Amino acid sequence: MKKLVIWLSVLSIVLTIAVDIFVENASKHTPVNHPYFIYLLACFLIIITTITIASYFNSKAKAWIEEKNLFVAVMFLFLNVLNIVTKKLALLPVIYFPSLDKVLGVIVEDREFLALCLASSGKLLFTGYFFGAIAGFATGIAVGFSKSAGYWINPLIRVLGPIPATAWIPLVLISFPTTFSASSFLIALAVWFPTTVMTSSGILNVQNAYFEVSSTLGAGKYYQIFKVGVPASMPHMFIGLFNGTCASFITLMTAEMLGVKNGIGWYINWQKEMMAYANVYAGLIIIAVTFSILITLLFKVRDQVLVWQKGVIKW
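Predicted model, so just to flag it, every value in this text is computed and none were measured.

Rules behind the numbers
- Residues numbered from 1 in each chain as written.
- Predicted model: local features only at pLDDT ≥ 70, side-chain atom pairs only at ≥ 80, totals over all residues.
- Heavy atoms only, no water.
- Salt bridge = Lys/Arg side-chain N within 4 Å of Asp/Glu carboxyl O.
- Phe/Tyr/Trp six-rings, centres within 6.5 Å; stacked < 30°, edge-to-face > 60°.
- Lys NZ or Arg CZ within 6 Å of the ring centre and 35° of its normal.
- Patch = residues over 30% accessible without salt bridge, like charges linked within 9 Å, V, L, I, M, F, W, Y side chains within 5 Å.
- Areas by Shrake-Rupley, 256 points an atom, 1.4 Å probe, with all protein chains shown as cover.
- Helix = DSSP H or I, 4+ residues; strand = E, 2+ residues; numbered from the N terminus.
- Axes fitted to C-alpha atoms, helices over the stretch in contact; angles between N-to-C directions.
- Parallel < 35°, antiparallel > 145°, perpendicular 65-115°, else oblique.
- Contact = heavy atoms within 4.5 Å.
- Nonpolar A, V, L, I, M, F, W, Y, C, P; charged D, E, K, R; others polar.
- 1 Å grid on protein atoms, 1.4 Å probe; cavity = no way out; pocket = protein on both sides within 12 Å on 5 of 7 lines; lining within 4 Å.
- Points joined across faces, edges and corners; volume = space filled by probe spheres on them.
- Buried < 20%, exposed > 50% of the residue type's maximum accessible area, 1.4 Å probe, protein only.
- Core = buried A, V, L, I, M, F, W, Y, C linked by side-chain atoms within 4.5 Å.
- Expected span 1.5 Å × (residues − 1).
- Bend = angle between axes of the 7 residues up to and from the residue.
- Polar contact = N/O pair within 3.5 Å; in protein donor to acceptor, adjacent residues only side chain to side chain.
- Lys, Arg positive; Asp, Glu negative; His and termini not counted.
- Left-handed = near helix turned anticlockwise from the far one by under 90°.

Novice: Could you give an account of the pattern of salt bridges, naming the residues involved and the relevant values?
Specialist: The tally for this structure, following the rule as stated, stands at five salt bridges. For Glu67, the salt bridge is made with Lys68, and the minimal N-O distance between the two is 3.9 Å.

Novice: I'd like a rundown of the packing of aromatic side chains, residues and numbers included.
Specialist: If you walk through the whole model with that rule in mind, you get 14 aromatic pairs. Taken together, the ring pairs connect Phe113, Trp266, Tyr267 and Trp270 into an aromatic cluster. The positively charged end of Lys123 is found above the aromatic ring belonging to Phe180, 5.4 Å away from the centroid.

Novice: I'd like a description of a nonpolar patch on the surface, backed by residues and values.
Specialist: A cluster of nonpolar side chains, namely Leu89, Leu91, Leu92, Ile95, Tyr96, Phe97 and Met275, defines an oily patch on the protein surface of about 620 Å² accessible area. With respect to the secondary-structure elements, Met275 resides in the loop between helix H13 (264-273) and helix H14 (277-305).

Novice: Which residues make up the packing of helix H3 (residues 36-54) against helix H5 (residues 100-109), and what values do they have?
Specialist: Running from N to C, H3 and H5 cross one another at 80°; their axes reach a closest spacing of 7 Å. Taken together, H3 and H5 sit at an angle that is classed as roughly perpendicular. Contacts between H3 and H5 involve Tyr36, Phe37, Ile38 and Leu40 from the former and Leu100, Asp101, Leu104, Gly105, Val108 and Glu109 from the latter. Its residues assigned to classes, the contact of H3 with H5 shows seven nonpolar, one polar and two charged.

Novice: Help me get a handle on the layout of surface pockets, residues and values and all.
Specialist: Considering only enclosed or pocket space, the largest pocket measures out at about 540 Å³ in volume. Looking at the largest pocket, it is lined by 16 residues, and the ones nearest its centre are Leu79, Leu82, Leu100, Val103 and Ile285. Among the elements of the structure, H3, helix H4 (59-88), H5 and H14 are those that each provide at least two residues to the lining of the largest pocket. With five residues, H4 is the largest single contributor of residues to the lining of the largest pocket. Here the residues of the lining of the largest pocket sort into 15 nonpolar, one polar and no charged.

Novice: Now, about unusual backbone geometry: what can you tell me, with residues and values included?
Specialist: The phi torsion at Ala90 lies on the positive side, around 55°, for a residue other than glycine. Within the secondary structure layout, Ala90 lies in the loop between H4 and H5. Residue Ala90 is classed as buried on the basis of its relative accessible area of 11%. Although it is not a glycine, Met275 sits at a positive phi angle of roughly 60°.

Novice: Provide a residue-level description of the nonpolar core, including the pertinent values.
Specialist: Here is a general trend for soluble globular proteins: nonpolar side chains tend to be buried in one another's company. The biggest cluster of nonpolar side chains holds 31 residues, and the ones touching the most others in it are Ile187, Leu252, Met253, Ile264, Tyr267, Ile287 and Phe291. Secondary structure elements with two or more residues in this core: H5, helix H6 (111-145), helix H9 (179-204), helix H12 (234-258), H13 and H14. Per element, the largest residue contribution to this core is 10 residues, and it comes from H14. Apart from the residues within four sequence positions on either side, Ile287 is in contact with Met253, Ile264 and Ile268.

Novice: Go over H4, please, and point to the residues and values.
Specialist: End to end, H4 covers 40 Å across 30 residues, agreeing with the expected 44 Å (1.5 Å per residue, within 8%). Its maximal kink placed at Lys68, H4 deviates by approximately 50°. For H4, the complete set of buried residues consists of Ala61, Ile65, Asn69, Val72, Ala73, Phe76, Leu79, Asn80, Asn83, Thr86, Lys87 and Lys88. Measuring from the backbone nitrogen of Lys60 back to the side-chain oxygen at the start of H4 gives 2.9 Å, which picks out Asn58 as the cap. Positioned one or two residues after H4, Ala90 has a phi angle of 55°, which is positive.

Novice: Could you give an account of the environment of Val85, with specific residues and numbers?
Specialist: In this structure, Val85 sits in helix H4. With a relative accessible area of 21%, Val85 lands in the partly exposed category. Expressed as a C-alpha distance, the spacing of Val85 and Ser99, which sit 14 residues apart in the sequence, is 9.2 Å. The contact partners of Val85, leaving out residues within four places of it in the chain, are Ala90, Leu91 and Leu92.

Novice: Can you break down the side chain of Glu256 residue by residue, with the values?
Specialist: Examined against the element boundaries, Glu256 turns out to sit in helix H12. Salt bridges are absent for the buried Glu256, whose nearest opposite-charge side chain, Lys123, sits at 11 Å. Setting aside chain neighbours within four positions, we find Glu256 in contact with Ser121, Leu124, Asn262, Gly263, Ile264, Gly265 and Trp266.

Novice: Please provide a residue-by-residue account of the packing of H5 against H14, values included.
Specialist: In contact at an axis separation of 8 Å, H5 and H14 are set at 65° when each is read in the N-to-C sense. With respect to H14, the element H5 is oriented roughly perpendicular. Crossing hand, H5 versus H14: right-handed. The segment H5 lies against H14, with Lys102, Val103, Val106 and Ile107 engaging Ala278, Asn279, Tyr281, Ala282 and Ile285.

Novice: Kindly report on helix H11 (residues 221-232), identifying the contributing residues and their values.
Specialist: An ideal rise of 1.5 Å per residue puts 16 Å on 12 residues; H11 measures up with 15 Å between its terminal C-alpha atoms. All of the buried residues in H11 are Gln224, Ile225, Val228, Gly229 and Val230.

If you want it as structure tokens, here you go:
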């Protein structure tokens, strides 16, 4: 019985392939150039089968199978049901729910244009994120270490910070010379607020004993700020960066759909107006994968910087 459970995900993929090959397609769906869904399933079948076989000899592969096997099996079962409901039986409106072959076909056949859109979104995102994070660290450090700075900055944080960055779109679009600079500012604003709040909060929660000891050993003001206060508050800083990252994704998509004339958000909005929902879903898949990779990389950086807290927050 345990041997069959180990092969559960493989059986789920094989069942999905069999259904796609042997069950007749609904006539409402237009044919595609290539069976992209079969190609994707075949790739996963090779990978999962290899890991399953390796689990008999390798402890890491065995641990992975024991943890992920059921999830992988259910995931492909869901894709199988979705494929039956759309491509095989056309139970859902064809225009809004295209076949998986068609969605994957868009990703493969329009990959160059999608890559250009993704590069444009990446340029906009990283520009706004960089300046927002820098501004957030600067104001957070100022508020955390200076009462006079906190006196002037805290009211702005409390009044302007809770307002969603996207609410400023009508004003920002007419205040900046280009849509790129306006959208970058909105993303920076979305990142600035949580980074500022968490940075200042982290500094204010650093134990006074740290500063007293460093002062006794002859440390100056700037040494206490950048060698004591900032490192001690880094766990809070990264929480602010994580919150800012999620806010920046939302702001990026909204800004591209409303103002910017390029990017993956613009692509989705354009295809929606063209009623090309296969392209819309393809764009959503690219967004999901890309943003998940970015968050994962941020967690990797956090684990490298905060080695003593590695594994406390998992992704």
